[in-house]
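Chain by chain, the residues run as shown.
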Amino acid sequence: MRDDVAVTDSTTFWEHHYARLDAGWGTAPNPVLADLVTALAPAPGTALDLGCGHGGDALWLAGRGWDVTAVDVAPTALDRVAAGARAGGVTDRVHPVRHDLARTFPAGAFDLVCATYFHTPVEIPRAEVLRRAAAAVAPNGLLIVVEHGSVAPWSWQNGQDVRFPTPEEVRAALDLDAGWRTERCHAPRRTATGPGGRTATVTDTVVALRRTP
Ligand SMILES: C[S@@+](CC[C@H](N)C(=O)[O-])C[C@H]1O[C@@H](n2cnc3c(N)ncnc32)[C@H](O)[C@@H]1O
């Protein structure tokens, strides 16, 4: 995080983040997301990836036949998603779109809406964004929210006193009606690999919900 930039603007913060980040970082799918999709949504459809970063999840989904709208606030990240789609031969199935999700949200209904590690130091109405994410799920579709449940040593949050919501709190904050089935609501641990190949045990907060028809 830059010391000379007030963390009040999402584009400024995340552009700076991606400008410093190796373009190859974050181009592999998050293993938790990949496992969930493989288990819960094996047949491809339309997907909306919120806060897609370098597009690891979006590109992996597209490679499995999903038609993916990949949303981020940082143009540099979206440029790298587009480059990854060209390199992977999936430009027809990856649609990088810039939104500041605190202000605007993509139109449409999707078979899969995912938000993996949609964390930011900028104050945004995050719970409201995730409620809009749920509203964008088509009947029979899946909402997948994966969050950090602990701070990795290479995270920009390292050293901060962070209290992460429990999986149940994440689910409750979505304020859903009865037309949803909980597929996953737990906090598994795994070995994560950070920049430079460093590894650490981390906890994820995983909520996967299916909208019933
Ligand atoms: C911690 S990163 C996670 C990236 C990716 N999902 C992953 O798992 O590697 C959070 C992402 O959310 C994006 N983001 C933060 N605030 C945003 C906002 N207000 N609107 C859209 N995207 C935002 C950032 O640019 C960043 O790519």
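Cut-offs and rules
Residues numbered from 1 in each chain as written. Predicted model: local features only at pLDDT ≥ 70, side-chain atom pairs only at ≥ 80, totals over all residues. Helix = DSSP H or I, 4+ residues; strand = E, 2+ residues; numbered from the N terminus. Rg over C-alpha atoms; globule rule 2.2 N^0.38 Å. Buried ≥ 20, exposed ≤ 12 C-beta atoms within 10 Å, placed from the backbone. Near = placed C-beta within 6 Å. Nonpolar A, V, L, I, M, F, W, Y, C, P; charged D, E, K, R; others polar. Axes fitted to C-alpha atoms, helices over the stretch in contact; angles between N-to-C directions. Parallel < 35°, antiparallel > 145°, perpendicular 65-115°, else oblique. Contact = placed C-beta atoms within 7 Å. pLDDT = per-residue confidence, 0-100. Core = buried A, V, L, I, M, F, W, Y, C linked by C-beta atoms within 7 Å. Pairing = 2+ DSSP bridges.

Enquirer: Even after reading the chapter, I still don't get the overall build of the protein, so can you show me in this structure?
Expert: Within the protein, the secondary structure is distributed over six helices and eight strands. Order of helices (α) and strands (β) in the protein, N terminus to C terminus: α-α-β-α-β-α-β-β-α-β-α-β-β-β. In terms of C-alpha radius of gyration, the protein reaches 16 Å, essentially the compact-globule figure of 17 Å for 213 residues. When the backbone C-alpha atoms are referred to their principal axes, the protein occupies close to 50 × 40 × 35 Å. Looking at the protein residue by residue over its 213 residues, the buried ones come to 36%.

Enquirer: I would appreciate a short explanation of the site of the ligand in the present structure.
Expert: With respect to spatial proximity, 22 residues lie near the ligand, and among them Trp-14, Gly-51, Gly-53, Val-73 and Leu-101 are the closest. The residue makeup of the shell around the ligand, split by class, is 10 nonpolar, 10 polar and two charged.

Enquirer: Mind showing me how you'd approach the packing of helix H1 (residues 10-20) against helix H4 (residues 75-88) here?
Expert: If you want to describe how two helices pack, look at the angle between their axes and the distance between the axes. One can describe the packing of H1 onto H4 by two numbers: an axis separation of 7 Å at closest approach and a directional angle of 50°. It follows that H1 is oblique to H4 by the angle criterion. Contacts from Glu-15, Tyr-18 and Ala-19 of H1 reach H4 at Pro-75, Thr-76 and Ala-77. Residues of the contact of H1 with H4, tallied by class, amount to four nonpolar, one polar and one charged.

Enquirer: How should the environment of Ala-134 be read in this particular structure?
Expert: As for its placement among the helices and strands, Ala-134 is situated in helix H5 (residues 126-135). Residues Ala-134 and Cys-114, 20 residues apart in the sequence, show an inter-C-alpha distance of 9.3 Å. With sequence-adjacent residues up to four places away left out, Ala-134 is seen in contact with Leu-143, Leu-174 and Leu-176.

Enquirer: So what exactly am I meant to see when it comes to the environment of Glu-15 here?
Expert: Residue placement: Glu-15 occurs in helix H1. Owing to 16 C-beta atoms within 10 Å, Glu-15 belongs among the partly exposed residues under this scheme. Sequence separation of Glu-15 and Ala-107 is 92 residues, and the distance between their C-alpha atoms is 24 Å. Not counting the four nearest positions on each side in its chain, Glu-15 is found in contact with Ala-74, Pro-75 and Thr-76.

Enquirer: Explain the confidence of the model for the protein to me, please; I cannot follow it from the model alone.
Expert: Averaged over all residues, the pLDDT of the protein equals 93, while 97% of them reach at least 70. Across residues 1-5, confidence stays below pLDDT 50; counting only partners more than four residues off in sequence or on other chains, it has six contacts.

Enquirer: For this particular structure, what's the right way to read the nonpolar core?
Expert: Among soluble globular proteins, nonpolar side chains are generally buried collectively. Ala-58, Ala-62, Val-94, Leu-112 and Ile-144 are the most contacted members of the largest nonpolar core, which totals 49 residues. A total of six residues in this core trace back to one element, the largest contributor, which is strand S5 (residues 137-148). Once you skip the residues sitting within four places of it in the chain, Ile-144 turns out to touch Leu-33, Leu-36, Leu-112, Cys-114 and Ala-208.

Enquirer: What exactly am I supposed to notice about the pairing of strand S8 (residues 199-211) here?
Expert: Along any regular strand, the residues point their side chains to alternate faces of the sheet. Relative to S8, S5 is paired through seven bridges, and the arrangement is antiparallel. Bridge pairing links Leu-142 to Arg-210 in S8. Where strand S6 (residues 180-186) meets S8, six bridges bridge the pair, whose relative direction is antiparallel. Note on S8: the bridge partner recorded for His-186 is Val-206. Judged from the five bridges that link them, strand S7 (residues 189-193) and S8 form a sheet pairing that is antiparallel. Note that in S8 the partner of Ala-192 across the bridge is Ala-200. Here S7 folds back onto S8, and the loop between the two strands holds five residues, one of which, Gly-196, carries a positive phi near 80°.

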